[in-house]
Amino acid sequence: MQATGQKPPGFEEIAQALRPKLHRYCARMAGSAIDGEDIVQDALLKAMQAFPGDGSIANPEAWLFRIAHNAALDFLRSRVRLEAVVASQPGEDIADPGDEVARRQVAAMGLRPFMKLSPAERSSVILMDVIGYSLSEIGEIIEVTVPAVKAALHRGRTRLKALSDSADTDAALILTDREHERLARYVDRFNAGDFDAVRDMLAEDVRLELVGRLVRRGKSSVSHYFTNYGARSDWLLSVGFVEGRPAVLLHRTHDTSGAPANFILLEWKDGSIIQIRDFHYAAHVAQGITTSAA
């Protein structure tokens, strides 16, 4: 989260304690760990601006989740028009909020299936089965009645079960020749420790974001970023995908599993890098990603 001005007393402690939980919610609302982090940052900025100076909020967790929920809905509206979802009153076939089997199945799912649910269903299922809130707490966060939460929870669980039983698979991921050449050149020079060559790839107005830590702008300022990597030898980069996006994967040399420990997203313009997003300090995001080698 980046913001100017003084943080209200107590806000930073609340935000940092809840950030991983907020991300679990927002990532599933957006269907993406990366987009989920963007939503969390937006929500925390709004919350910081609204946080009372004396910290007088009766239930800070519910208050912050409500802001994150609304930020997630704003994000969804920006991608596609959000249609109103009116939950029906409960009938005979209603969700059992204590269904532990359903909870375990939902919590173990990846992010993409949640995108097949309506926003109301998605919110209710994630808050109940992934985060662990009660029906009344969910109702307070998304500002609907308990019967409406029950109905949305039932519909969402039913839909997710149908999706998990289907044979739907993602299409194969393919880098274009240009994407592969750019990323491979960056990775090769980085792995060789040739950071002068890496710096030559930066645009003059390049933006660096160490997610959750700091933002720097301008080639001169961003150039210092590579110094920390140059001082260590326990990492190795490779070209791959994160949630279907071309990415640089960071591996720890002592980890024999081969799984990436972290990732970096690069944005290019006219052959130069205009943005670097390094998730080194955002372990809660790295834990929720789906990666694959190119």
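Here the structure is a predicted model, which means the values were calculated and not measured. (Residues numbered from 1 in each chain as written. Predicted model: local features only at pLDDT ≥ 70, side-chain atom pairs only at ≥ 80, totals over all residues. Heavy atoms only, no water.)

Enquirer: Explain the nonpolar core to me, and be specific about the residues and the numbers.
Expert: Among the nonpolar cores identified, the biggest contains 45 residues, and Leu 22, Tyr 25, Phe 65, Phe 114, Leu 127 and Ile 131 are the most heavily contacted of them. Elements with a contribution of two residues or more to this core: α1 (11-30), α2 (33-50), α3 (60-79), α5 (119-131), α6 (135-142) and α7 (146-165). Among the elements that line this core, the one with the most residues is α3, at 11 residues. (Core = buried A, V, L, I, M, F, W, Y, C linked by side-chain atoms within 4.5 Å. Buried < 20%, exposed > 50% of the residue type's maximum accessible area, 1.4 Å probe, protein only. Helix = DSSP H or I, 4+ residues; strand = E, 2+ residues; numbered from the N terminus.)

Enquirer: Just give me the short version of the pattern of salt bridges, but keep the residues and values in it.
Expert: Considering all chains together, one arrives at 18 salt bridges under this definition. The salt bridge partner of Arg 277 is Asp 38, with a shortest N-O separation of 2.8 Å. Placement of the pair is Arg 277 in strand β6 (residues 272-278) and Asp 38 in helix α2, with a sequence separation of 239 residues. Among the residues examined, Arg 277 registers a relative accessible area of 8% and is labelled buried. Given a relative accessible area of 30%, Asp 38 falls into the partly exposed group. For Arg 199, the salt bridge is made with Asp 196, and the minimal N-O distance between the two is 3.4 Å. Here Arg 199 pairs with Asp 196, and both are found in helix α9 (residues 195-199), just three residues apart, close to one helical turn. (Salt bridge = Lys/Arg side-chain N within 4 Å of Asp/Glu carboxyl O.)

Enquirer: Let's hear about the environment of Ile 273: which residues, and what values?
Expert: You can see Ile 273 is positioned in strand β6. For Ile 273, a relative accessible area of 0% corresponds to the buried category. For Ile 273, the residues in contact, after removing those within four places along its chain, are Tyr 186, Met 201, Leu 202, Ala 203, Val 206, Leu 266, Glu 267 and Trp 268. (Contact = heavy atoms within 4.5 Å.)

Enquirer: Please provide a residue-by-residue account of the side chain of Arg 66, values included.
Expert: Mapped onto the elements, Arg 66 comes out in helix α3. Of note is the side chain of Arg 66, whose polar atom sits 3.2 Å from the backbone oxygen of Glu 140. Not counting residues up to four positions away in its chain, the partners in contact with Arg 66 are Glu 140, Ile 141 and Glu 143. (Polar contact = N/O pair within 3.5 Å; in protein donor to acceptor, adjacent residues only side chain to side chain.)

Enquirer: Describe helix α8 (residues 177-191), listing the residues and the values that go with them.
Expert: Its 15 residues place the ends of α8 21 Å apart at the C-alpha level, agreeing with the 21 Å of an ideal helix rising 1.5 Å per residue. If you check which residues of α8 are buried, you get Arg 182, Leu 183, Ala 184, Tyr 186, Val 187 and Phe 190. Buried residues belonging to α8 abut α9, α11 (225-230), β3 (235-242), β4 (245-252), β5 (262-269) and β6. The first or second residue beyond α8 is Gly 193, which carries a positive phi of 75°. (Expected span 1.5 Å × (residues − 1).)

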